[in-house]
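# Structure assessment
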Amino acid sequence: MSQKGGEGSNNCCCYYMIELLKELIKIKSDTKEGANDALLFCARWLEEKGETVKVHDNKGYLMLTAEKGQGAEKLIWNGHVDVVPGHDEQFTPMEELGRLYGRGSADMKAGVAAMMQAFTELDPEGLNREVHLHIVTDEEIGGHNTSEWLVSQGYSGNFVICGEPTGLKVGLQSKGILHMDMVFKGKPAHGSRPWEGINAIEQAMKYHMAMAELPFRKESTEYYEQPSVNLAIINAGKRYNMVPEVCEMSYDIRFMPGQDPKEITRQMVELGDTLNIDFDYKSSSSTTPALTTTAENPYIQTLQESIRSNTGNEPILFGQHGAADTRYYAAVNGGEGAIEFGPTGDDWHGNAEYVEISSVHEYKDILLSHALSEA
């Protein structure tokens, strides 16, 4: 690996990387404007290090891209600088016992800082592939204006690492999302004579209890014990003295790789018919497919070797339950080739969010050696 300077220079780089992270935490990037400020800070920092940066604007959301190297392969490092809202004191970084506390320290300004530092240390002459850096500003609200937009503009690659906090474990798969909105229909009657009506809430309860036995609920994979089913919204009833005529329920279903959302929908509709329940439904599964990267993927193989060589630990592969900007990059590769992999931290979105400083250094070194590996 060709880097700038010797051991002393490397120690200096490590110091500046953590100082960079602290400066990022100080930027209150829990709004569109604040996230844009953080993005422009990143652009200036990279330019000061001699990097060529392009800032993009889509509907007022800023993002940046930078690239170096040569070859047919494209490796992308993706990170976001927007954060969820936090208390004012969380935007003052605090270092204690090897941890750096602050909003966004784990999710995911640590990953961004490490990617930025690693990118500046890469010697393009030593690369046999292109390495692209993408920093975005709206992941916490869905990523539609930045990462999804970048992919739509052709900014995709053979393999993508989103630096979400994973504890240096490799989140190579993730569940897809199926939203199911259901309207259960009853028959109104006076509340004092419920036997003369059909209670839509009771019909919905009957359905919900029976749904636990559907075949798709009992399936499992190597990385998942089961799909996730969350009864997220319920709306019914208006008066004490009326049998409710309508009950609206919405499910957030996270299906596993290998499961077909159309088959899940079919099972749910068939259940209503079997129970003789009158209902309407609307399903939407087109926006978030499951991610299906496997351990046999050559980039996963070389990433595992980079983890071993830089940490001395055996890599851990796992499946994520939630979704990240990986979904947009994987969509152009048949659901493969985009992973979540980042430093170690805890309590992101909470009041005591932190990242382990040593893991940020390890993460940066892993990124460097992986970029230089032979896939």
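Figured I'd write up the structure that's included with this text. (Residues numbered from 1 in each chain as written. Predicted model: local features only at pLDDT ≥ 70, side-chain atom pairs only at ≥ 80, totals over all residues. Heavy atoms only, no water.)

Counted according to the given criterion, the structure contains 0 disulfides. The thiol of cysteine 42 is unpaired, and the distance to the nearest cysteine sulfur, on cysteine 162, comes to 15 Å. Taking relative accessible area as the criterion, cysteine 42 reaches 0% and is therefore assigned buried. (Disulfide = S-S within 2.5 Å. Buried < 20%, exposed > 50% of the residue type's maximum accessible area, 1.4 Å probe, protein only.)

Right, let's get into helix α5 (residues 200–211). The first and last C-alpha atoms of α5 sit 16 Å apart over 12 residues, in line with the 16 Å expected at 1.5 Å per residue. Among the residues making up α5, those that are buried are Ala200, Gln203, Ala204, Tyr207 and Met211. Summarising the axial view, the buried residues of α5 lie within an arc of 95°, below the 170-degree limit, and thus occupy one face. Away from the buried face of α5 by more than 90 degrees, exposed residues Glu202, Met205 and Met209 are located. Close packing links the buried residues of α5 with β9 (176–185), β10 (228–236), β11 (246–255) and α6 (261–274). (Helix = DSSP H or I, 4+ residues; strand = E, 2+ residues; numbered from the N terminus. Expected span 1.5 Å × (residues − 1). Arc of directions from axis to C-beta. Contact = heavy atoms within 4.5 Å.)

Glancing now at the sheet that holds strand β12 (residues 279–284). Taken in spatial order, the 4 strands of this open sheet run β10-β11-β9-β12, and their pairing is antiparallel. Two strands lie at the open edges of the sheet, namely β10 and β12, each paired on one side alone. Direction aside, neighbouring strands of the sheet carry axes that sit 15° apart on average. In the packing of α5 onto the sheet, the strands contacted are β9, β10 and β11, and the crossing angle to β11 comes to about 20°. (Pairing = 2+ DSSP bridges. Axes fitted to C-alpha atoms, helices over the stretch in contact; angles between N-to-C directions.)

As for its placement among the helices and strands, threonine 146 is situated in the loop between β6 (130–136) and α4 (147–152). In this structure threonine 146 touches Tyr61, Leu62, Met63, Val136, Thr137 and Asp138, once residues within four positions along its chain are discounted.

Moving on to the pairing of strand β8 (residues 170–174). Taking burial as the measure, the 5 residues of β8 include 5 buried ones, the bulk of the element. Where β8 and strand β14 (residues 317–320) come together, 4 bridges link them in parallel fashion. The residue bridging glutamine 173 from the neighbouring strand is glycine 319, located in β14. Bridge analysis of β8 against strand β13 (residues 291–292) gives 2 bridges, and the strand direction is antiparallel. Paired with serine 174 across the strands is leucine 291, a residue of β13.

What follows covers the layout of surface pockets. Empty space left among the atoms is revealed by rolling a probe the size of a water molecule over them. Size it by volume and the largest pocket reaches roughly 360 Å³. Taken together, 18 residues make up the lining of the largest pocket; nearest its centre are Asp107, Glu164, Ala323, Glu340 and Trp348. When grouped by side-chain class, the residues that make up the lining of the largest pocket number 5 nonpolar, 6 polar and 7 charged. Among the secondary structure elements, those contributing two or more residues to the lining of the second largest pocket are β10 and β11. A breakdown of the residues in the lining of the second largest pocket according to their chemical character gives 5 nonpolar, 2 polar and 4 charged. (1 Å grid on protein atoms, 1.4 Å probe; cavity = no way out; pocket = protein on both sides within 12 Å on 5 of 7 lines; lining within 4 Å. Points joined across faces, edges and corners; volume = space filled by probe spheres on them. Nonpolar A, V, L, I, M, F, W, Y, C, P; charged D, E, K, R; others polar.)

What follows covers the sheet that holds strand β17 (residues 354–356). Spatially, β4-β5-β17-β16 is the arrangement adopted by the 4 strands of the open sheet, whose pairing is antiparallel. Every other strand in the sheet has two partners, leaving β4 (94–96) and β16 (345–346) as the edge strands with one partner each. Lying over the sheet, helix α3 (residues 105–121) contacts β5 (99–101), β16 and β17, oriented at roughly 45° with respect to β17. Strands β4, β5 and β17 of the sheet are contacted by helix α9 (residues 357–371), whose axis makes an angle of about 60° with β17.

In short, the description is geometric, and any link to function would need to be established separately.
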